[in-house]
Amino acid sequence: MKSWFKNIESLAAGSALNLDEVIAQLNFTEDGLLPVIVQDFATREVLMFAWMNRAALAETLETAQMCYFSRSRACLWRKGESSGHRQRLLALRADCDGDVLLAEVEQVGAACHTYRRSCFYLKFENEQVVIEGDPGQ
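We now turn to the structure provided with this report.

The rules behind the values
Residues numbered from 1 in each chain as written. Predicted model: local features only at pLDDT ≥ 70, side-chain atom pairs only at ≥ 80, totals over all residues. Heavy atoms only, no water. Pairing = 2+ DSSP bridges. Helix = DSSP H or I, 4+ residues; strand = E, 2+ residues; numbered from the N terminus. Axes fitted to C-alpha atoms, helices over the stretch in contact; angles between N-to-C directions. 1 Å grid on protein atoms, 1.4 Å probe; cavity = no way out; pocket = protein on both sides within 12 Å on 5 of 7 lines; lining within 4 Å. Points joined across faces, edges and corners; volume = space filled by probe spheres on them. Nonpolar A, V, L, I, M, F, W, Y, C, P; charged D, E, K, R; others polar. Patch = residues over 30% accessible without salt bridge, like charges linked within 9 Å, V, L, I, M, F, W, Y side chains within 5 Å. Areas by Shrake-Rupley, 256 points an atom, 1.4 Å probe, with all protein chains shown as cover. Salt bridge = Lys/Arg side-chain N within 4 Å of Asp/Glu carboxyl O. Phe/Tyr/Trp six-rings, centres within 6.5 Å; stacked < 30°, edge-to-face > 60°. Buried < 20%, exposed > 50% of the residue type's maximum accessible area, 1.4 Å probe, protein only. Core = buried A, V, L, I, M, F, W, Y, C linked by side-chain atoms within 4.5 Å. Contact = heavy atoms within 4.5 Å.

### Digging into the sheet that holds strand β6 (residues 101-107)
Within a sheet, each strand pairs with its neighbour through backbone hydrogen bonds, oriented either parallel or antiparallel. Here we have four strands laid out as an open sheet, ordered β2-β1-β6-β5, and mixed in their pairing. For this open sheet the edge positions go to β2 (46-52) and β5 (87-94), each flanked by a neighbour on one side alone. Pairs of neighbouring strands in the sheet enclose a mean axial angle of 25°, with direction left out of account. Relative to β6, β5 is paired through seven bridges, and the arrangement is antiparallel. Counterpart to Arg93 in the pairing with β6 is Leu102.

### Describing the layout of surface pockets
Reported here for the largest pocket is a volume of approximately 520 Å³. As for the largest pocket, its lining consists of 24 residues, of which Met48, Arg73, Trp77, Lys79 and His113 are closest to the centre. Broken down by secondary-structure element, the contributors of at least two residues to the lining of the largest pocket are β2, β3 (67-70) and β4 (75-78). The greatest single-element share of the lining of the largest pocket, amounting to four residues, is contributed by β2. Across the lining of the largest pocket, the residue classes tally to twelve nonpolar, seven polar and five charged. Put simply, the second largest pocket is a space of about 370 Å³.

### Some thoughts on a nonpolar patch on the surface
On the surface, Ile37, Val46, Phe49 and Phe120 cluster together to form a nonpolar patch covering roughly 340 Å² of accessible area. Mapped onto the elements, Phe120 comes out in the loop between β6 and β7 (122-125).

### Quick look at the packing of aromatic side chains
Counting across every chain of the model gives three aromatic pairs. Between Trp4 and Phe5, the ring centres sit 5.0 Å apart and the planes meet at 80°, which makes this aromatic pair edge-to-face. The two residues Trp4 and Phe5 agree in class, both being buried. With a centroid separation of 5.1 Å and 45° between ring planes, the pair formed by Tyr68 and Trp77 is classed as tilted.

### Description of the nonpolar core
In terms of nonpolar packing, the biggest core is built from 23 residues, with Leu26, Val36, Met52, Leu57, Met66 and Tyr68 touching the most fellow members. Breaking this core down by element, the ones donating at least two residues are α1 (4-7), α2 (19-25), β1 (34-40), β2, α3 (54-63), β3 and β6. For this core, the leading source of residues is β2, giving four residues. If we skip the residues at most four places from it in the chain, Met66 touches Met52, Thr60, Trp77, Arg78, Lys79, Gln87, Leu89, Ala103 and Val105.

Okay, structure coming up:
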């Protein structure tokens, strides 16, 4: 049986799909989660990775402020709610299988809880790992 996403592969650029229908076809995990890669809209820098459930996705689309699902706290996590380091959603994309989202955001402050711009500050180089960026950058 062909997946719904397989069926739309040949649609022309600019074709429009019903939002609710696409959301209904997203491939959430058995736990009801969908991975989200977060990227700075202007610089294209990857800032972080998080999870969304259906409620977080709905709130994000409604408010244009990033909302995630915290697996450790088992609740919605509104990015920047306590730190003020918010993410304004500028574009949201699904991959070709509907199992990963890419959020393009305007980042205010740090994306990482270490107060670094990006959560991806550990760079594997040869036989060592180099830390890029100081906390607070």
